[in-house]
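Structure assessment
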There are 2 protein chains.
Amino acid sequence: MKVSTTTYGLLGLLAVRSWTGYELTQQMRRSLRFVWSSSEGHLYREQKGLVELGWAAVEDEQAGARTRKRYTITAAGEAALREWLTTAPQEPHFEIEGLVRLFHGSHGSVADLAASMDATADAARAMLDEMLGFVDEYLADGGPLWMLEHGINGATASEAGPPAEFAGRPMFPGRLHVIALVIESTTTLLASVESFARSTASEVRGWASTTDPAATPATRARLEAVRKRHRR
Amino acid sequence: MKVSTTTYGLLGLLAVRSWTGYELTQQMRRSLRFVWSSSEGHLYREQKGLVELGWAAVEDEQAGARTRKRYTITAAGEAALREWLTTAPQEPHFEIEGLVRLFHGSHGSVADLAASMDATADAARAMLDEMLGFVDEYLADGGPLWMLEHGINGATASEAGPPAEFAGRPMFPGRLHVIALVIESTTTLLASVESFARSTASEVRGWASTTDPAATPATRARLEAVRKRHRR
DNA sequence: GGCCCAATACTCCTATTGAGAGTAGATTAA
DNA sequence: TTAATCTACTCTCAATAGGAGTATTGGGCC
């Protein structure tokens with residue numbers, strides 16, 4: 001079994017508390033989908049992998065007539081996570097089909113290209129709205145931020161007892177600082193995609209064709225602006 | 001054989017001229033790697049797929065003692081590309097390992113987290129620099145922009161003869177308008193990654209620990225700013 | 001009170017894709 | 001002239017995606 005970023009994504013969740021397999025899968029989807037996506041089937045496979053590696057332990061838990069699997073991190077798992085965090089991250093990557101269509105847009109119509117850009121903008125906006133929902137939860141009274149402001153950290157070993165809950169979910173307010181940074185980064189990126197896709201849509205709608213020679217001065221200005229903006 | 005965005009990425013290149021398999025692979029790497037990456041082996045596999053689909057034709061070309069494969073688009077291939085351009089694009093996705101590390105950063109040290117963020121910023125900057133190299137080429141005298149400004153479009157069927165060349169490569173200046181938009185979008189995104197990764201690095205370096213309670217006011221301000229900035 | 005739909009809680013299979021090794025001629029720089 | 005790098009691919013195995021399949025449970029609606 002080979003370890004991947006997905007392995008550590010799950011391991012990191014297990015480092016905060018124990019989860020059932022289903023919860024782990026849902027939580028990965030909720031929180032890391034926008035920056036590191038994997039399929040549901042693969043997430044379950046990776047959970048088994050964690051046990052095989054000795055990084056987590058499973059036990060069958062009774063829930064009515066059926067059983068579910070509860071995963072708990074081991075000492076070896078905690079060590080593996082700490083070790084991973086000291087290594088260098090991979091290059092960031094984007095996967096934006098709309099830009100592939102834009103790149104080949106000269107072979108299609110202005111209307112289709114503009115529609116593609118609008119669809120990309122809409123998708124980015126929908127993702128952004130989903131993230132904003134988390135922000136509202138975090139800012140709500142009794143939520144993790146409120147807990148921090150009332151001295152409940154939850155992520156330090158010095159506090160005894162079970163974690164505080166909010167909206168039926170256990171909260172670990174001490175993690176909120178890093179999570180807020182992830183949210184800020186991700187929403188910035190999504191807003192950037194929405195913004196350029198939307199303005200590209202409106203730009204190309206002004207063209208007579210997808211190879212309109214009349215766009216030449218705008219293209220020169222655009223390339224020069226890119227060069228100027230990013231010159232180091 | 002199932003078609004994917006990669007299939008259409010190759011098909012779009014073939015719609016501008018004929019290429020050898022090696023050239024196609026290099027060109028995909030050069031131009032679409034940042035928005036749609038695939039492995040080298042897979043690109044060769046997809047080229048065979050295009051022939052199987054009847055969207056491209058191959059012929060063996062003699063080059064010294066060895067042969068290489070020259071791919072040419074067919075009428076069916078041109079139709080398939082036009083058809084694809086009318087359909088809706090997929091959701092955009094990011095794959096940013098640095099943000100997975102940030103999300104789980106509360107389990108590691110401040111120094112390691114800051115180093116991860118700096119490494120992510122460095123990688124984004126390197127990618128951005130590579131794109132700026134293209135911009136310089138496009139803006140150079142005799143380059144595609146210069147051609148446009150001298151009435152050479154190259155992408156319209158009305159112009160007879162072989163395409164004009166620049167720096168040993170055939171140029172299709174009419175495509176420059178869309179390409180400039182792709183470059184502007186991609187560089188904006190990369191600059192955004194560089195910027196937030198860099199500022200996150202400096203932010204966390206000011207923390208006493210990765211769950212430092214002293215960060216609470218900054219975290220509140222951050223979440224409120226996100227909510228305000230993106231409220232629709 | 002019973003029915004239906006959605007959510008819970010997974011497993012399993014097939015097809016796609018990635019990653020890297022392998023082969024061999026051609027060209028460039030020392 | 002030799003070594004390294006580039007051209008120009010093929011091939012294989014392992015990783016991953018995507019979706020079908022199974023069965024229980026909880027909630028809402030008539």
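All values derive from a computational prediction rather than experimental measurement.

**Topic: the overall build of chain A**
Along the backbone of chain A there are nine helices and six strands. Against the compact-globule benchmark of 17 Å for 232 residues, chain A has a radius of gyration of 23 Å, which places it well outside the compact range. Judged by the C-alpha coordinates and their principal axes, chain A covers about 70 × 45 × 45 Å. In chain A, which comprises 232 residues, the share counted as buried stands at 50%.

**Focus: the domain arrangement of chain A**
When the parts of a complex come together, some accessible area is lost, and that lost area is often taken as the interface size. All names here are of chain A. Parsing chain A into structural domains produces domain 1 (1-91) and domain 2 (94-232). Using C-alpha coordinates to define each centre, domain 1 is positioned 26 Å away from domain 2. Each partner contributes to the interface: domain 1 provides six residues, whereas domain 2 provides 10 residues. A combined buried area of about 860 Å² lies between domain 1 and domain 2, and 66% of that area is made up of carbon and sulfur atoms. For domain 1, the biggest contributors to the area lost against domain 2 are Val16, Arg30 and Phe34; these three give 69% of the whole. Notably, a salt bridge pairs glutamate 130 with arginine 33, separated by 2.5 Å at the nearest N-O pair.

**Things to note about the protein's contact with DNA strand D**
In the vicinity of DNA strand D there are 23 residues, among which Ala65 of chain A together with Tyr22, Arg66, Arg68 and Lys69 of chain B approach most closely. Here a base oxygen of DNA strand D and a side-chain polar atom of arginine 66 of chain A are 2.9 Å apart. Within the side chain of arginine 68 of chain B, a nitrogen or oxygen atom sits 2.4 Å from a phosphate oxygen of DNA strand D. Where the surface near DNA strand D is concerned, the elements lending two or more residues are α3 (40-52) of chain A together with α2 (21-32), α3 (40-53) and β3 (66-73) of chain B. At five residues, the largest contribution of residues to the surface near DNA strand D is made by α3 of chain B. Class assignment of the residues belonging to the surface near DNA strand D gives a composition of three nonpolar, 10 polar and 10 charged.

**Some thoughts on the interface of chain B and chain A**
Opposite the 101 residues of chain B that make contact, chain A presents 101 residues. Of the roughly 9,900 Å² buried where chain B meets chain A, counting both sides, 67% is carbon and sulfur surface. One can count eight salt bridges joining chain B with chain A. The interface formed by chain B and chain A contains 33 residue pairs in polar contact (both at pLDDT 80 or more). For the side of chain B that touches chain A, the residue count by class is 50 nonpolar, 31 polar and 20 charged.

**So, the sheet that holds strand β1 (residues 19-20) of chain A**
All names here are of chain A. Read from one edge of the open sheet, three strands run β1-β3-β2, paired in antiparallel fashion. Only two strands of the sheet have a single neighbouring strand rather than two, namely β1 and β2 (56-63). With two bridges joining them, β1 and strand β3 (residues 66-73) adopt antiparallel strand pairing. Note that in β3 the partner of tryptophan 19 across the bridge is tyrosine 71. Contacts between helix α1 (residues 5-14) and the sheet are confined to β1, β2 and β3, with β3 contributing the most and set at about 90° to the helix.

**Focus: helix α4 (residues 75-85) of chain B**
Three or more residues of α4 of chain B are buried, namely Gly77, Ala80, Leu81, Trp84 and Leu85 of chain B. Each buried residue of α4 of chain B lies within a common arc of 135° when the element is viewed along its axis, so the set occupies one face.

**Quick look at the packing of helix α1 (residues 5-14) of chain B against α2 of chain B**
All names here are of chain B. At a minimum axis distance of 11 Å, the contact between α1 and α2 shows a crossing angle of 105°. Classified by the interaxial angle, the pair formed by α1 and α2 is roughly perpendicular. Listed contacts from α2 to Thr6, Gly9, Leu10, Leu13 and Leu14 of α1 are Leu24, Gln27, Met28 and Leu32. For the contact of α1 with α2, the per-class residue count stands at six nonpolar, three polar and no charged.

**A few points about the sheet that holds strand β2 (residues 56-63) of chain B**
All names here are of chain B. Taken in spatial order, the three strands of this open sheet run β1-β3-β2, and their pairing is antiparallel. Where the open sheet ends on each side, the last strands, each with one partner, are β1 (19-20) and β2. α1 contacts β1, β2 and β3 of the sheet and is inclined by roughly 90° relative to β3.

**A closer look at the protein's contact with DNA strand C**
In the neighbourhood of DNA strand C, 21 residues make up the surrounding shell, with Tyr22, Arg66, Arg68 and Lys69 of chain A together with Ala65 of chain B lying closest. In the interface set of DNA strand C, defined as its atoms within 4 Å of the protein, sugar plus phosphate atoms amount to 63%. A distance of 2.5 Å is found between a phosphate oxygen of DNA strand C and a side-chain nitrogen or oxygen belonging to tyrosine 22 of chain A. Lysine 69 of chain A is positioned with one of its side-chain polar atoms (N or O) 2.8 Å from a phosphate oxygen of DNA strand C. The set of elements that each furnish at least two residues to the surface near DNA strand C consists of α2 (21-32), α3 and β3 of chain A together with α3 of chain B. Considering every element that reaches the surface near DNA strand C, the biggest residue donor is α3 of chain A, with four residues.

Cut-offs used in this document
Residues numbered from 1 in each chain as written. Chains lettered and ligands numbered in written order. Predicted model: local features only at pLDDT ≥ 70, side-chain atom pairs only at ≥ 80, totals over all residues. Heavy atoms only, no water. Helix = DSSP H or I, 4+ residues; strand = E, 2+ residues; numbered from the N terminus. Rg over C-alpha atoms; globule rule 2.2 N^0.38 Å. Buried < 20%, exposed > 50% of the residue type's maximum accessible area, 1.4 Å probe, protein only. Domains from an automatic or database assignment. Contact = heavy atoms within 4.5 Å. Buried area = accessible area lost by both parts, 1.4 Å probe. Salt bridge = Lys/Arg side-chain N within 4 Å of Asp/Glu carboxyl O. Near = heavy atom within 4 Å. Polar contact = N/O pair within 3.5 Å; in protein donor to acceptor, adjacent residues only side chain to side chain. Nonpolar A, V, L, I, M, F, W, Y, C, P; charged D, E, K, R; others polar. Pairing = 2+ DSSP bridges. Axes fitted to C-alpha atoms, helices over the stretch in contact; angles between N-to-C directions. Arc of directions from axis to C-beta. Parallel < 35°, antiparallel > 145°, perpendicular 65-115°, else oblique.

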